[in-house]
Amino acid sequence: MRIRAWLSADAEARVRSDPWLSALDWRFCGGADFAVGGRQDLWLTDLSDAPLALCEQWESGKPLWVFLSGRAAPWLSSPNIHFLRGGFDMELLRQRLLAWCWQQQSLCPCLFGKAAFDIINGAMSLYRSADSTPHLFPLEVSVKPVEASGGDVVLRADLPDRTLLILADASGHGQGSVLDAALLVLGASRCLLSQALSPETLAELNAYMFRHVADGRYVGAALLEIDWPGRQVRLLNAGMPDILLFLSSRLERRFPSMCSPLGLSGDIEPRVPLTLPWAEGQHFLAHSDGMEESDLPYLLSRLLSLSGIAAAGSFGYGPLPSIPLGFASPYNDDMSSLAFAVPTALERFSAAPARPLPDR
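Residues numbered from 1 in each chain as written. Predicted model: local features only at pLDDT ≥ 70, side-chain atom pairs only at ≥ 80, totals over all residues. Heavy atoms only, no water.

S.K.: How do you make sense of the overall build of the protein when you look at a structure like this?
M.R.: Regarding its fold elements, the protein presents seven helices and 17 strands. The burial tally for the protein puts 54% of its 360 residues in the buried class. A separation of at least 24 residues holds for 67% of the contacts in the protein among residues at least 6 apart in sequence. Accessible surface, the protein as shown: approximately 14,500 Å² in total, 53% of it carbon and sulfur. (Helix = DSSP H or I, 4+ residues; strand = E, 2+ residues; numbered from the N terminus. Buried < 20%, exposed > 50% of the residue type's maximum accessible area, 1.4 Å probe, protein only. Contact = heavy atoms within 4.5 Å. Areas by Shrake-Rupley, 256 points an atom, 1.4 Å probe, with all protein chains shown as cover.)

S.K.: So what exactly am I meant to see when it comes to the layout of surface pockets here?
M.R.: Take a probe with the size of a water molecule and roll it over the atoms, and the empty space left behind shows itself. Within this model, the second largest pocket holds a volume of roughly 150 Å³. Lining the second largest pocket are 13 residues; nearest its centre among them are Pro63, Trp100, Gln103, Gln104 and Gln175. Put simply, the parts of the chain that give the lining of the second largest pocket at least two residues each are α3 (90-103) and α4 (175-191). Considering every element that reaches the lining of the second largest pocket, the biggest residue donor is α4, with three residues. Per-class residue counts for the lining of the second largest pocket are four nonpolar, seven polar and two charged. (1 Å grid on protein atoms, 1.4 Å probe; cavity = no way out; pocket = protein on both sides within 12 Å on 5 of 7 lines; lining within 4 Å. Points joined across faces, edges and corners; volume = space filled by probe spheres on them. Nonpolar A, V, L, I, M, F, W, Y, C, P; charged D, E, K, R; others polar.)

S.K.: Is there a simple way to think about the sheet that holds strand β14 (residues 250-255) in this case?
M.R.: Neighbouring strands of a sheet are bound in pairs by backbone hydrogen bonds; such pairs are parallel or else antiparallel. Pairing is antiparallel across the open sheet formed by five strands, whose spatial order is β8-β17-β16-β13-β14. Edge positions in the open sheet fall to β8 (139-144) and β14, since each of these has one partner strand only. Direction aside, the axes of adjacent strands within the sheet are offset by 15° on average. As paired strands, β8 and strand β17 (residues 335-341) are joined by six bridges and run antiparallel to one another. Paired with Ser142 across the strands is Ser337, a residue of β17. (Pairing = 2+ DSSP bridges. Axes fitted to C-alpha atoms, helices over the stretch in contact; angles between N-to-C directions.)

S.K.: How do you make sense of the packing of α3 against helix α5 (residues 199-212) when you look at a structure like this?
M.R.: A packed helix pair is summarised by two numbers, namely the angle formed by the two axes and the spacing between the axes. Contact geometry of α3 with α5 gives a least axis separation of 10 Å together with a crossing angle of 90°. On the basis of the axis angle, α3 is roughly perpendicular to α5. Contacts from Glu91, Leu92, Gln95 and Arg96 in α3 reach Tyr208, Arg211 and His212 in α5. Residues belonging to the contact of α3 with α5 are distributed by class as follows: two nonpolar, two polar and three charged. (Parallel < 35°, antiparallel > 145°, perpendicular 65-115°, else oblique.)

S.K.: Explanation requested: the pattern of salt bridges in the structure shown.
M.R.: Two side chains that carry opposite charge are able to pair once their charged atoms sit near each other. Taken as a whole and judged by the stated rule, the model has 14 salt bridges. Between Glu225 and Arg234 there is a salt bridge whose closest N-O contact spans 2.8 Å. Neither Glu225 nor Arg234 differs from the other in exposure class; each is buried. Bridged by salt links that share partners, the residues Asp18, Glu91, Arg94 and Arg190 form one connected network. (Salt bridge = Lys/Arg side-chain N within 4 Å of Asp/Glu carboxyl O.)

S.K.: Quick question: what am I supposed to make of the sheet that holds strand β1 (residues 2-6) here?
M.R.: Read across the sheet, five strands follow the order β2-β1-β3-β4-β5 without closing on themselves; strand pairing throughout is parallel. Two strands in the sheet have a free side with no partner beyond their single neighbour: β2 (25-28) and β5 (81-84). For this sheet, the mean inter-axis angle between neighbouring strands, taken without regard to orientation, is 20°. Two strands pair when backbone bridges link them, and strand β3 (residues 42-46) and strand β4 (residues 64-67) are joined in this way by four bridges, in the parallel orientation. Residue pairing in the sheet places Leu44 in a bridge with Trp65 of β4.

Rendered as structure tokens:
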């Protein structure tokens, strides 16, 4: 993949001397080198260095990243134009390029929970961590991007005393949203694996997203953390549709958004995650705004059928199970959902053979 960059001489020297960045295929422009031929996969510049001619040569179908350097954005944002707050920043560039290479399927960083990722219907989903014995409980996931790939992502990390589940929805859809979803995964790997969900970890994750996503972009997230020793669930809704709590098939409670989506502003409302004690028959459902609530009973019925099976003998954990959705979004948007049930037995189960995925 080729990156065409118009940067200052100092910024170019820093990129060339970086052990990881220098391994990428760069085409630096300036002076006689400006008219570099061939097609580019990514365009990058700093607004304080960019000539107007760069805008004229930019291939509009390819992403363009612009460091604003304190200046106002010269054009309206679009799915392919990403205006980055502040001046040239090496660490920000590393993180975004890591996410971008991942998005382009040229790199697979094993970061979140020290685990590899699976692709379900074009969206990233998580295998369990090899470092922790998985907790076994009924879990169902559905992901259906409106394009070939999308910005909805479902994550699971099994940690020593807790299981972290995240359903996230990046603004927009398509390649720009995929990049933002990948940045959310990288941010979660930094902020949520070593410490429990709290106002402090939420603020830390939001600060990471605000620094790394383009101006005006954001990621909504439903975060649910199962505390196994405490036999409780902590949850936090950041800009997503209501998280639903069912008792068997009866809707018991709604949990609306508690704060703004991640990355929308530098400061996020300090919200304490809600803590709910286990109760047999509880079923939690979260979904993106591409789905109607009227579509959820199908997911709930599948979960109810699963939760009637003895967990210890029937639930292993390979890839996240995926429900093939047979309907389209009424909003022409990515669709995703996550649902899990409280096990009938509360002890921690040892690993069982993985349940095979259904043919589809």
